[in-house]
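For reference, the chains in residue letters:
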Amino acid sequence: MSSENLTENHTDKSATTLIHRPRRLRCSATLRRMVQETTLSLDDLIYPMFVMEGEGQKVEISSMPGCYRYTMEVLLQEIAFLYQLGIGAVALFPVILETKKDDTGSESYNPEGLVQRTVKAIKQAVPEVLVITDTALDPFTTHGHDGIVDENGVILNDPTIEVLVKMAVSQAAAGSDMVAPSDMMDGRVGAIRRALDASGYIDVRILAYSAKYASAYYGPFRDALDSAPKFGDKKTYQMDAANSREAIKEVALDIAEGADIVMVKPALAYLDIIRQVKNYTNLPVAAYNVSGEYAMIKAAAQNGWIDEKKVILETLTSIKRAGADLILTYFAKEVALILANSDLL
Ligand code: PBG
């Protein structure tokens, strides 16, 4: 039917032709729930969390209100509480002491390092919780880049992969359920898969940050880890925000190399990419609702400019609707609390 005909139907009262009334299916809450196409479930959410050295502390991240750096015991208690709330998966990011950082990020594969100790402790305390470990150099390097840097400031691909492989294997040895390379070096998924298999970790999964963009939305996260690059930017390895075909190329490579789940990051400014990746692959698609996306909603809510709970649910639903099966989000705990008290909405 042409749009001209539709207009006619609605305006010409004498017309005997059918008037289409989509509003019929919107007239009650029960009916709206019945025809709802996308539903948000806690099973789809992964909660990124920050762990730091020390004891008995939790320190709020100023650009991410409601998110904290936890010392290990406090983190364990929080994870146990989150599990009761219905959150089954966490993504772990470490705050590394300056004294442990070096040019090559060698602390990242220390079997007694902060990540390795924390994974072991979580697996002992709350074994049901799925632990995802970030496989990237930036929290561990003095310069804050995700790779080894030569004297001209060039990020070296293949030498970086050698470190990433050691890091992934040491995380698996500590009990990580899933390693998540977030660095964007070429060929790292394949190298990690081969090394995990050769070390007997055939069931440790790879969540690949496949289409990761060089984004200004990562600012608050870099505050949290104190990991902002000391020079230059990440544009020689992370993707150009203007590109979409390249995202499919990156996804295709990671799948060929053995990724179990592919990810698009950030989420909100890249909903079109999420949809294209979803249409391209049968693998589960993850999206990372990153720190800057979180901070914007928090800031507006603190000013009383938006209804925070509703905006959170609308935002996460839009990421799912775009095609994400899984969402990494700092809102996970709030969503769990909202869903547990949905009469508040
Ligand atoms: C780095 C990494 C980053 C994030 C996750 N892993 C930042 C970066 O690439 O500089 C960002 C997450 C967020 O902003 O929430 N490997």
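This write-up is about the structure you can find in this document. As the structure is a computational prediction, the values presented were derived from the model and not from experiment.

### Description of the pattern of salt bridges
Link 1 in the chain: This model, assessed by the stated rule, comprises 16 salt bridges.
Link 2 in the chain: In this structure, Lys-320 and Asp-44 form a salt bridge, with 2.8 Å as the shortest nitrogen-oxygen distance. With Lys-320 in helix H11 (residues 308–322) and Asp-44 in the loop between helix H2 (29–35) and strand S1 (45–52), this residue pair connects regions lying 276 residues apart in the sequence. When sorted by exposure, Lys-320 lands in the same class as Asp-44, which is buried.
Link 3 in the chain: Where Glu-308 meets Lys-298, a salt bridge forms, and the shortest distance between an N and an O atom there is 2.6 Å. Here Lys-298 lies in helix H10 (residues 291–302) and Glu-308 lies in helix H11, a separation of ten residues in the sequence.
Link 4 in the chain: Exposure remark for Glu-308: the relative accessible area of 21% places this residue in the partly exposed category.
Link 5 in the chain: Sharing partners across several salt bridges, the network here consists of Asp-138, Asp-146 and Lys-234.

### A few points about the packing of aromatic side chains
Link 1 in the chain: For the coordinates displayed, the defined rule picks out ten aromatic pairs.
Link 2 in the chain: Consider the rings of Phe-50 and Phe-93, whose centres lie 6.2 Å apart with planes at 40 degrees: the pair is tilted. Taken as a pair, Phe-50 in strand S1 and Phe-93 in strand S4 (residues 89–95) lie far apart in primary sequence, 43 residues in all. For the pair formed by Phe-50 and Phe-93, the shared burial category is buried.
Link 3 in the chain: With a centroid separation of 6.1 Å and 45 degrees between ring planes, the pair formed by Tyr-288 and Tyr-330 is classed as tilted. Placement of the pair is Tyr-288 in strand S11 (residues 285–289) and Tyr-330 in the loop between strand S12 (326–329) and helix H12 (332–340), with a sequence separation of 42 residues.
Link 4 in the chain: Classification of Tyr-288 by relative accessible area gives buried; the value is 1%.
Link 5 in the chain: Taken together, the aromatic side chains of Phe-50, Phe-93, Tyr-209, Phe-221, Tyr-288, Tyr-294, Tyr-330 and Phe-331 make up a single cluster linked through ring pairs.
Link 6 in the chain: Above the ring of Tyr-218, the side-chain terminus of Lys-265 is found at 4.6 Å from the ring centroid.
Link 7 in the chain: Against the face of Phe-221 rests Lys-265, its NZ or CZ located 5.9 Å from the ring centre.

What counts as what
- Residues numbered from 1 in each chain as written.
- Predicted model: local features only at pLDDT ≥ 70, side-chain atom pairs only at ≥ 80, totals over all residues.
- Heavy atoms only, no water.
- Salt bridge = Lys/Arg side-chain N within 4 Å of Asp/Glu carboxyl O.
- Helix = DSSP H or I, 4+ residues; strand = E, 2+ residues; numbered from the N terminus.
- Buried < 20%, exposed > 50% of the residue type's maximum accessible area, 1.4 Å probe, protein only.
- Phe/Tyr/Trp six-rings, centres within 6.5 Å; stacked < 30°, edge-to-face > 60°.
- Lys NZ or Arg CZ within 6 Å of the ring centre and 35° of its normal.

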